[in-house]
Amino acid sequence: MKSRTANFALRLPVSLKDAVAEASRKDGASINQFIALAVAEKLSAMRTAEFFAERRARADVEEARRILFRDGGQPPAPEDRLPEAVRQSAHTE
């Protein structure tokens, strides 16, 4: 199956084009590959932000607080506890 591509003329300031050329060279990729990946990463970040914004809009904060602070339940089982070294490092950060 052949992938479809489209051509797009891109104007960049010379300094930015030079920086992209250097970064793509260090990454072992062509400038085209580097820019395509950068665009894909940006789209992914934007879609992730949209996903969490939509989830936040549906959130019921009061219900979450009620669940978190409810009475009852059981203490964590030993296998559910963090190792002591992890707990110690969490307090030093």
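Values in this document were obtained by computation on a predicted structure and should not be read as measured data. Note that residues are indexed from 1 along each chain, following the sequence as it is written. The predicted origin of the model limits local features to residues at a pLDDT of at least 70 and limits the giving and counting of side-chain atom pairs to 80 or more, whereas totals for whole chains, interfaces and linings rest on all residues. As a rule here, side-chain values cover all heavy atoms of the structure and leave hydrogens and water aside.

Student: Looking at this structure, I do not really get the overall build of the protein. What am I missing?
Tutor: For the protein, the helix and strand inventory stands at four helices and zero strands. By definition, any uninterrupted DSSP run of H or I lasting at least four residues is a helix, any uninterrupted run of E lasting at least two residues is a strand, and each is numbered from the N terminus. Listing the helices and strands of the protein from first to last along the sequence gives α-α-α-α. The size measure is the radius of gyration over C-alpha atoms, and the globule rule it meets is 2.2 Å times the number of residues to the 0.38 power. For 93 residues, the compact-globule estimate of 2.2 N^0.38 gives 12 Å, and the protein exceeds it by more than 25% at 24 Å. For the protein, the spread of C-alpha atoms along the principal axes amounts to about 65 × 35 × 35 Å. Counting every position in the protein, which comprises 93 residues, the buried fraction comes to 2%. For this count, His and the chain ends are skipped, Lys and Arg are scored as positive, and Asp and Glu as negative. Here the site of a charge means NZ on Lys, CZ on Arg, CG on Asp, or CD on Glu. Charged side chains of the protein number 16 positive and 14 negative; the gap between the two group centres comes to 9 Å. Exposure is judged per residue with a 1.4 Å probe applied to protein chains only, and the accessible area is read against the type maximum: over 50% gives exposed, under 20% gives buried, and values in between give partly exposed.

Student: Teacher, can you tell me more about the packing of aromatic side chains here?
Tutor: Within a pair of aromatic rings, the relevant descriptors are the distance that separates the centres and the angle that separates the planes. By convention, a stacked pair of Phe, Tyr or Trp rings (six-membered ring in the case of Trp) has centres within 6.5 Å and planes under 30 degrees apart, an edge-to-face pair has planes over 60 apart, and any other such pair is tilted. For the coordinates displayed, the defined rule picks out one aromatic pair. Taken together, a centroid distance of 5.1 Å and an interplanar angle of 80 degrees make the contact between F51 and F52 edge-to-face.

Student: Help me out: how do you make sense of the pattern of salt bridges in this one?
Tutor: If charged atoms from side chains of opposite charge come close, those side chains can pair. In what follows, salt bridge is the name for a side-chain nitrogen of Lys or Arg lying within 4 Å of a carboxyl oxygen of Asp or Glu. Summed over all chains, the structure comprises six salt bridges. Salt-bridge contacts for E22 lead to R25; the nearest nitrogen and oxygen are separated by 2.7 Å. Note that E22 and R25 are positioned in helix α1 (residues 14-27) at a spacing of three residues, about one turn of the helix. With a relative accessible area of 33%, E22 lands in the partly exposed category. In this structure R25 comes out as exposed when scored by relative accessible area, which is 55%. Here the residues in one salt-bridge network are E22, R25 and K26, joined through shared partners.

Student: What exactly am I supposed to notice about the packing of α1 against helix α2 (residues 31-58) here?
Tutor: Any two packed helices are characterised by the angle at which their axes cross and by the distance between the axes. At their nearest, the axes of α1 and α2 sit 9 Å apart, and the two run at 100 degrees to each other. In terms of orientation, α1 and α2 fall into the roughly perpendicular class. Taking contact as the criterion, the partners of K17, V20, A21, A23, S24 and D27 in α1 are, on α2, I31, F34 and I35. A breakdown of the residues in the contact of α1 with α2 according to their chemical character gives six nonpolar, one polar and two charged. Lines fitted to the C-alpha atoms define the axes, with helices restricted to the stretch that makes contact. Angles between their N-to-C directions range from 0 to 180 degrees. For classification purposes, angles smaller than 35 degrees are called roughly parallel, those larger than 145 roughly antiparallel, those between 65 and 115 roughly perpendicular, and all remaining angles oblique. The contact definition used throughout considers only heavy atoms, calling two residues in contact when any of these lie within 4.5 Å. Classification convention: Asp, Glu, Lys, Arg as charged; Ala, Val, Leu, Ile, Met, Phe, Trp, Tyr, Cys, Pro as nonpolar; all other residues, Gly among them, as polar.

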